[in-house]
Amino acid sequence: MAVSGDMIRAYRAPGQVMARLIASGAGEERALAWLMTGCFLMFIARLPVLSRRAYLNDEEFVALAAGAFTGAVFLAPLVFYALAALSHVVAGRFGGRGSWVSARLALFWTVLVLSPLMLFQGMVAGFIGPGAALTLVAVLNGAVFLCLWIMALRVAEGFAET
């Protein structure tokens, strides 16, 4: 199955998609590919707002973009690895029986699935700017991220069967 089809399906049935991905033998290499793709798309999502900021504040766009690239592609993956490890430890305290890799799969898949919404948020931030619309989109993206991640993590840690 194509990744894009699974991403769309994950909005309707995240647990089923996660169960199928784990059953198909997805491992560390696929998790890392999902994470790096999601982080790169998060960088792309930042470009409109960086362009707006550079124009309004007479700053150098290339310098802003370089900093965003460093943060999104080099630092964010480390944070996501730490967050996946923390989620696995917490799930283990509550009886989770998944593996470290399955916890990473759940989080990194969620990052990739959320990337189209992050691109939309970046467009709102860049073209509309700060305000109620951006706040609404950011809150909705956060809520969707938490819901998708929790549902995927429940399957990855063995709390829920699909």
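Residue indices follow the written sequence of each chain, beginning from 1 at its first position. Only residues with pLDDT of 70 or above have their local features reported here, since the model is predicted, and side-chain atom pairs are shown and tallied only from 80 upward, although totals for entire chains, interfaces and linings are computed over all residues. Water and hydrogen atoms were dropped before computing side-chain values, which therefore reflect all heavy atoms in the structure.

Glancing now at unusual backbone geometry. Although it is not a glycine, Asp58 sits at a positive phi angle of roughly 55°. Burial status follows relative accessibility: with a 1.4 Å probe on protein chains alone, a residue under 20% of its type maximum counts as buried, one over 50% as exposed, and anything between as partly exposed. According to the relative accessible area criterion, Asp58 is exposed, its value standing at 74%.

Here the focus is a nonpolar patch on the surface. Surface patches are drawn from residues lacking salt bridges whose relative accessible area is over 30%; two like charges belong together within 9 Å, two nonpolar side chains (Val, Leu, Ile, Met, Phe, Trp, Tyr) within 5 Å. A 1.4 Å probe and the Shrake-Rupley method give the accessible areas. Residues count as covered only by the protein chains that appear here. Each reported salt bridge corresponds to a side-chain nitrogen of Lys or Arg within 4 Å of a carboxyl oxygen of Asp or Glu. A surface patch of nonpolar side chains, amounting to about 420 Å² of accessible area, comprises Leu86, Val90, Phe94 and Phe159. When you line up the elements, Phe159 lands in the segment after α6 (132-156). Numbering of helices and strands starts at the N terminus; helices are DSSP runs of H or I of at least 4 residues and strands are runs of E of at least 2.

Attention now goes to the nonpolar core. Core analysis: the biggest nonpolar cluster contains 31 residues, and Met18, Trp34, Phe80, Leu107, Phe108 and Trp109 have the highest contact counts within it. Of all the secondary structure elements, the ones that give two or more residues to this core are α1 (3-12), α2 (14-23), α3 (28-57), α4 (61-93), α5 (100-127) and α6. In this description, contact between two residues means that some pair of their heavy atoms is separated by no more than 4.5 Å. If sequence neighbours within four positions are ignored, Trp34 has contacts with Leu21, Ala26, Leu105, Phe108, Trp109 and Leu112. Counting seven residues, the second-largest nonpolar core is a separate cluster that includes Phe43, Leu50, Ala54 and Ala68. By nonpolar core is meant a set of buried Ala, Val, Leu, Ile, Met, Phe, Trp, Tyr and Cys residues that side-chain atoms within 4.5 Å join together.

Another point: α5. Here, expected helix span is obtained from the residue count minus one, scaled by 1.5 Å. In this model, α5 (28 residues) spans 40 Å end to end at C-alpha, consistent with the 40 Å of a helix rising 1.5 Å per residue. The sharpest bend along α5 comes to roughly 45°, located at Ser115, with the proline Pro116 sitting one to four residues further on. Within two residues after α5, Gly129 carries a phi angle of roughly 90°, on the positive side. Values of bend correspond, residue by residue, to the angle between axes fitted over the seven residues ending at that residue and the seven starting there.

The angle between two axes is taken between their N-to-C directions and runs from 0 to 180 degrees, where each axis is a line fitted to C-alpha atoms and a helix contributes only its stretch in contact. One way to put it is that α1 packs onto α2 with a least axis distance of 6 Å and a crossing angle of 135°. As far as their axial angle goes, α2 and α1 are oblique. Along the contact surface, α1 presents Asp6, Arg9, Ala10 and Arg12, while α2 presents Pro14, Val17, Arg20 and Leu21. Tallied by class, residues from the contact of α1 with α2 come to four nonpolar, no polar and four charged. Here roughly perpendicular refers to angles of 65 to 115 degrees, roughly parallel to angles under 35, roughly antiparallel to angles over 145, and oblique to all remaining angles. Here the nonpolar group is Ala, Val, Leu, Ile, Met, Phe, Trp, Tyr, Cys and Pro; Asp, Glu, Lys and Arg are the charged ones; every other residue, Gly included, is treated as polar.

The next thing to look at is α1. Within α1, burial applies to Gly5, Asp6, Met7 and Ala10. Contact partners of the buried residues in α1: α2, α5 and α6.

Here we take up the packing of α2 against α6. Interaxial distance between α2 and α6 falls to 8 Å at its minimum, and their mutual angle equals 45°. With respect to α6, the axis of α2 lies oblique. As for how α2 packs across α6, the hand of that crossing is right-handed. Here Pro14, Gly15, Met18, Ala19 and Ile22 of α2 lie close against α6, whose contacting residues are Leu148, Met151, Ala152, Val155 and Ala156. Of the residues that constitute the contact of α2 with α6, the class distribution is nine nonpolar, one polar and no charged. Helix crossings are classified by the rotation of the near helix relative to the far one: an anticlockwise turn of less than a right angle makes the crossing left-handed, while a clockwise turn makes it right-handed.

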